[in-house]
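Residue-level structure breakdown
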Amino acid sequence: MRQIEHFNFNWKYKNNFDKKYIHKEYDDIDFEIINLPHSNKMLPYNNINEKDYQFESCYRKTFTPSTYFKDKLVFLCFGAVMSYCIVYVNGIHAGEHKGGYTPFKLNITEYVKFDEENCITIYVDSNERKEIPPFGYVIDYLTYGGIYREVRIEYCSEIFIENCLIKTTNVQKDKKTLSLDVYIANPQKNRDNLLIKSTIKKEDKIVRSSTEKIKLTKKTVEKYSFNYEISDIDLWDVDNPNLYHLTIELEMNEDIIDSQAYRFGFREVEFTNEGFFLNGKKIKLRGLNRHQSFPYSGYAMPKSAQYKDAEILKKELGVNTVRLSHYPQSDHFLDRCDELGILVFDEIPGWQHIGEAGDWWQITKQHVEEMIKKDWNHPSVFIWGVRINESQDCDKLYKQTNEIARRLDSTRPTGGVRCIRGSKLLEDVYTYNDFIHNGIKGPLDKRKNVTKKTVPYLITEHNGHMFPTKKFDDTAHRVEHALRHLRVLDAMYGDTEIAGSIGWCMFDYNTHKEFGSGDKICYHGVMDMFRIPKYAASVYASQQDQIPVMTVLSSMDNGDLEGSIRGDVYIFSNCNSIRMYINNTFIKEFYPRKDLFTNIPHAPFIIDDFIGNQIKENERFSEKDAETVKKLLSKINRSGGQFGLADKMVFTKIALKYKMNKKDAEDLYSKYFAGWGSASTEYKFEGLIAGKRVITQTKSQVFKPELSIEIDSDILTEEETYDTTRVVLKLKNEYGDDIIYANDVFKLSIEGEAEIIGPKMIALIGGSRAFWIKSNGKAGEVLLRIESERFGTTTKMIQIIKSK
Ligand code: GAL
C-alpha cells in the first residue's frame, strides 16, 4: 500500500546557492530553519523592490526511511517551486523542474538509502528566466520565490495508480454515466493480471462498487477506461455542491498493492451560443479574478488561508465564479471551491507575451498537461484556459494546446483569454477582457463586434486598471468604482449573448514597476490586499440571496464631497425595501431601482429624497406649495446652493405668499438638509425582506471610535504543515460602521510558539488592516497582544492544535 509522509517541517534554508551545499556532508549550521510553504523573502506591504526575491537559494532536508519501504518506489512530490529547481539526493542530481505554478513528482528511488540518513538539497532559481512562462517580457503581478506549496514523500508499490480521470455525463437522465480513465504506472513493464476495484461513496454510504480485471501492457503508463451506469445521485451545482468519493484499489495476487482516494461531483458543463449551462440549466456566471498572492509572504500560505479566499468569494462576495488569473493555483483553494459551489476558470501561466518556440513553447504545453492532470477531478473547474492571457493569435502553438486539453479531457470546453477582437477561435469559447467602460462608453461591447461570428462568449475581465481605487480614496471615487462594476454586471445580465462576466479583480495585489500606482500595488480589487471590502464589493455581495446585506455608499459627511453636494446616495442591498429615518423621524420607504438597472437580480436603492412628507406635515404651506418647496430645496441641495432665475421667481412667489424673509428660507433649508456646519444628523436605514426588518445601519457623527479585532479562527490546526489565521483590525463608530479615514498605529507581539507574518508595528490603511499569525510546528496556547496609544492594550488567546 502507498504510504504518504508530509514533508514540510524543519527544512533548512539559505538565500544563496553554492555547489558545496549539494554534498551530503556539507555542514549547514548557518542555514535558517523553516517550514513549507515558504517564501524565499518576506516583502514589505508596498514600495517593494521586485528584484529582492529574484535570486538563487537553497533548501536542504534530511530523512531516514525505514527498511520497511525498501521494496517501494520513492517519490518526492512538490506542489510548486518558483520557478526552476534542481533536486539532489545524497549529492546526486535526481531531477529538475521548470515552471513555478504546477506540481511535479520525482522518482528518487535509486538514490535513496534505507535505514540511513539521506540528504535532499534543492537548488531553487526564482529569477525571471526568459525560457519559462510567464517570463520574457513585462507582467502585471509579482511571481515571488521559493518552495511555496507543500511537499510530500510517497512510497509506492512497483505498479501503482498514477492518476484517474472521473467523467460524469448524461447527468440529467435517471441513469447517469460515470467513466473512469485509470492510469496505471508500471515502470518495470510487468505483464501480470490485476484487479482494479472501485468504490463510490457519498459520506459513508456506498453508492456503487465494481471490480475489473486487466492485463498489464508493455507501456510504463497505460490508461484503462471503464463506463458505469449509476442512478440515485445528487448532482453538484453552485447551490447544492454534492460531492462523492471514489476509492480505487489495485489488487495483485490477492494483495492490495495500491489505493487512491478521489473526490468528485456529478455534473455537466456546456457553453452554447446562448450562454453557459450547468446540468442543462442556464446560469449567468458572475465572478471575480483571483491572484494567489498575500501581503508579505507572497505566494506562500497554507490551507486555511487558501480556504478562506474561497469562503470570502462565496459567502462575502456572493459570486458563483472565479478565474485563476493567470496560472493554476493551490489544490486547497480548489477543494474549497468544490465544497462551496464556485465555478473555476483554470488557466496556464502567462501574461501577454509568447516566448520563442523551443523551451518556452515546450513548457507551455507541459503546463497544459500538468494543470489538467492536477485539476481534472474538481467539479468546480468548468473550463481550461489554454492560451497565454491576452496574447496575440499564434495558431501553431494554440492548435497544440487545444489538442492536448481535448485529448486529456473531453468533458470540458477550452477557452483562451484575449484582449483582441476578431481573433481566430481555436477554442470552444471566446473568452474576452472587455475594458470598454470608462465611465461613459459601454458598459460592455456587443459580442458581434468582438468575436465577428456567433460563438459562445464569456467576459473574463472588466474594470481593473480603468479605475484604480484605494480603500481610502474619497467617497465619490469609491462610489464611482462600485457603479462601474454595477453597470457592467447589469449589462451582462441583460445580454443573452454573454455567458457571464468575471471582474478584475477580487483584491489589490503587488506588481511590477510598469503597473500599479507607483507603490507597486495595483489597486484594482473590490477588496484591499488584506481582503477587506471596498464599496465595489457590495455590488457583488448584494446579488446573492443567502444572507441579507446592506451597504450605504456614503458616510453622510458632506465635507468629503465636491462642493459638499451630497446628491443621490446609493445603497447596495438584497432587501425588498429600505426605510430611512432622519433623527428618528421616518422619512420614506425606498425600493430597488429596477427602472434604472433592469437586468441585475438586485438593483441598487437610490436615496434621492431626504425630506419625504416632512414639509407637508410640519410646515404651514398648502399641500401643493409644500411639494414645490420640497422640489426647490432638493434642487438647491443638488446644485450646491445654486439658484437659477426661474427658481428665484418661484421662491419669491412663495416667500411673498407666506411672508418669509431670507433668514426663514435659510432656516428651512438647514432644517431639511443638514448643510455645511449645521448640527449633526443621524440617518438610520432599515432593510426589510417580506415586510420584516432584517438589517439596520446608522450613519452619524463619530464620538467614540472603537477598535474592532476579528480573528478568522482562534484555533490553528496543524495537519500537513503549519497553519495561519487572519486578524482584522478596524476602527468602527458607535453604530458599528467602519471609519475609513483612520491611520492609528499598533504594536503587535506574541507570547508563545507562533509568529506574526510581516511587520510588528503597523498603521491602519483606510481605517483597517489585517495581519496573519502563523504556527511553527508546536501545539499550545499563544497570547496575541495589540497595543496602541489611543486604545491601550488588547489581548487575545489563540490555541494551536496538532491534528496528528
Ligand atoms: C488585464 C490583465 C490583468 C490586469 C488587468 C488590469 O489586461 O489581463 O492581468 O493587468 O488588465 O486591469
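Up top is the structure these notes are about.
As the structure is a computational prediction, the values presented were derived from the model and not from experiment. (Residues numbered from 1 in each chain as written. Predicted model: local features only at pLDDT ≥ 70, side-chain atom pairs only at ≥ 80, totals over all residues. Heavy atoms only, no water.)

**Notes on the overall build of the chain**
For clarity, the threshold we go by: To qualify as a helix, a DSSP run of H or I must reach at least 4 residues; to qualify as a strand, a run of E must reach at least 2; elements of each kind are numbered from the N terminus. Relative accessibility thresholds used throughout: buried, under 20% of the residue-type maximum; exposed, over 50%; partly exposed, between the two (1.4 Å probe, protein chains only). Residue contacts are defined here by distance: any two heavy atoms, one from each residue, within 4.5 Å place the two residues in contact. Only the protein chains shown count as cover for residues, and all accessible areas are computed by the Shrake-Rupley method using a 1.4 Å probe. Note on charges: Lys and Arg go in the positive column, Asp and Glu in the negative column, and His and the chain ends are not counted at all. The atom standing in for a charge is NZ when the residue is Lys, CZ when it is Arg, CG when it is Asp and CD when it is Glu.
When helices and strands are tallied, the chain shows 11 helices and 49 strands. Looking at the chain as a whole, 59% of its 804 residues qualify as buried. In the chain, of all internal contacts separated by at least 6 residues, the share reaching a separation of at least 24 is 69%. Accessible surface, the chain: about 32,700 Å² in total, of which carbon and sulfur atoms supply 47%. In the chain, 112 side chains carry a positive charge and 116 a negative one; their mean positions are 4 Å apart.

**What about the site of the ligand?**
As a reminder, the rule being used: It suffices for a single heavy atom of a residue to lie within 4 Å of a molecule or strand for the residue to be listed as near it. Whenever a nitrogen or oxygen atom comes within 3.5 Å of another N or O atom, the pair is scored as a polar contact, on the condition that within protein one atom can donate a hydrogen and the other can accept it, and that pairs from neighbouring residues in sequence are kept only if both atoms are in side chains. The classification used treats Ala, Val, Leu, Ile, Met, Phe, Trp, Tyr, Cys and Pro as nonpolar, Asp, Glu, Lys and Arg as charged, and all other residues, Gly among them, as polar.
Around the ligand, a shell composed of 13 residues is seen, among which Asp140, His326, Trp351, Glu390 and His465 lie nearest. Glutamate 390 places a side-chain nitrogen or oxygen 2.6 Å from an oxygen atom of the ligand. Within the side chain of glutamate 461, one N or O atom sits 2.7 Å away from an oxygen atom of the ligand. In isolation the ligand offers 310 Å² of accessible surface; the protein chains occlude 94% of this area. A breakdown of the residues in the shell around the ligand according to their chemical character gives four nonpolar, six polar and three charged.

**Concerning the sheet that holds strand E19 (residues 255-264)**
What counts is decided by this rule: Pairing between two strands is assigned when DSSP locates at least 2 bridges connecting them. Between N-to-C directions, angles cover 0 to 180 degrees, with each direction set by a line fitted to C-alpha atoms, over the stretch in contact for helices.
As summarised here, the arrangement of the four strands in space is E16-E15-E18-E19, forming an open sheet in which the pairing is antiparallel. Edge positions in the open sheet fall to strand E16 (205-215) and E19, since each of these has one partner strand only. Going across the sheet, the axis of each strand differs from the next one's by a mean of 15°, ignoring polarity. One ladder, built from 10 bridges, connects strand E15 (residues 193-202) with E16; its direction is antiparallel. Paired with serine 198 across the two strands is serine 210, which belongs to E16.

**Side note on the packing of aromatic side chains**
Put simply, the rule reads: To pair, rings of Phe, Tyr and Trp, with the six-membered ring standing in for Trp, must have centres within 6.5 Å; the planes then decide the type, stacked if under 30 degrees apart, edge-to-face if over 60, and tilted in the middle. Two conditions define a charge located above a ring, namely a distance within 6 Å from the ring centre to NZ of Lys or CZ of Arg, and an angle within 35 degrees of the ring normal.
Here the structure, examined in full by the defined rule, presents 42 aromatic pairs. With 5.8 Å between their ring centres and 80° between their planes, phenylalanine 17 and tyrosine 21 make a pair best called edge-to-face. Geometrically, the ring pair formed by phenylalanine 610 and tyrosine 683 is edge-to-face, given 6.3 Å between the ring centres and 85° between the ring planes. Of this pair, phenylalanine 610 sits in the loop between strand E38 (605-607) and helix H8 (614-618) while tyrosine 683 is found in strand E39 (residues 683-689), placing the two residues 73 residues apart along the sequence. An aromatic cluster is built from Tyr53, Tyr101, Tyr141, Tyr144, Tyr148, Tyr299 and Tyr327, whose rings are joined through pairwise contacts. If you follow lysine 105 out to its NZ or CZ, it ends over the ring of phenylalanine 75, 5.0 Å from the centre.

**A look at helix H3 (residues 359-375)**
The condition that has to hold: Each residue after the first adds 1.5 Å to the expected span of a helix.
Under the 1.5 Å per step criterion, the end-to-end length of H3 is 24 Å for 17 residues, consistent within 8% with the ideal 24 Å. The element H3 is largely enclosed, with a buried count of 12 among its 17 residues. Considering only its buried residues, H3 is in contact with strand E8 (92-98), helix H2 (331-340), strand E25 (343-347), strand E26 (381-385) and helix H4 (395-408).

**Regarding H4**
As a reminder, the rule being used: The arc in question is the one spanned by the directions pointing from the helix axis to the C-beta atoms.
Taking 1.5 Å of rise per residue, 14 residues should cover 20 Å, and H4 covers 20 Å from first to last C-alpha, within 8% of that figure. The set of residues buried in H4 consists of Leu397, Tyr398, Thr401, Asn402, Ile404, Ala405 and Leu408. Buried residues in H4, looked at end-on, bunch into an arc of 155°, giving them a common side. In this fold, the buried residues of H4 make contact with strand E13 (160-169), H3, E26 and strand E27 (414-415).

**A closer look at the side chain of aspartate 625**
On the secondary structure map, aspartate 625 appears in helix H9 (residues 623-639). Polar contacts involving the side chain of aspartate 625 include one to the side chain of lysine 657, which spans 2.6 Å. Apart from the residues within four sequence positions on either side, aspartate 625 is in contact with Ile654, Lys657 and Tyr658.

**Some remarks on the sheet that holds strand E14 (residues 176-185)**
Spatially, three strands are ordered E13-E14-E17 in an open sheet, and the strand pairing comes out antiparallel. Single-partner strands in this sheet number two, and they are E13 and strand E17 (221-230). Across this sheet, the average inter-strand angle for adjacent strands is 15°, counted without regard to direction. Pairing between E13 and E14: nine bridges, direction antiparallel. Across the sheet, residue leucine 165 finds its bridge partner in E14, namely aspartate 181.

**Structural notes on the pattern of salt bridges**
How we decide: Salt bridges are defined by distance alone: a side-chain nitrogen of Lys or Arg within 4 Å of a carboxyl oxygen of Asp or Glu.
In the structure shown here, the tally under the stated rule is 66 salt bridges. A salt bridge links arginine 790 to aspartate 744; its shortest N-O distance comes to 4.0 Å. Placement of the pair is arginine 790 in the loop between strand E48 (780-788) and strand E49 (792-802) and aspartate 744 in the loop between strand E43 (724-732) and strand E44 (745-751), with a sequence separation of 46 residues. A relative accessible area of 15% places aspartate 744 in the buried class. Bridged by salt links that share partners, the residues Arg2, Lys105, Arg152, Glu154 and Asp258 form one connected network.

**With respect to the pairing of strand E4 (residues 56-63)**
Counting buried positions over the eight residues of E4 gives six, a clear majority of the element. Sheet analysis places strand E2 (residues 11-14) next to E4, joined by three bridges and oriented antiparallel. Bridge pairing in E4 links lysine 14 to cysteine 58. Sheet topology note: the E4/strand E10 (residues 118-125) ladder contains eight bridges and is antiparallel. Residue pairing for E10: glutamate 56 is matched across the bridge by aspartate 125.

**What about the environment of tyrosine 672?**
As for its position among the elements, tyrosine 672 is in helix H11 (residues 662-672). With 39 residues separating them in the primary sequence, tyrosine 672 and leucine 633 have C-alpha atoms 8.3 Å apart. Contacts of tyrosine 672, omitting those with residues within four sequence positions, involve Phe610, Ile611, Gln614, Ile615, Asn618 and Glu619.

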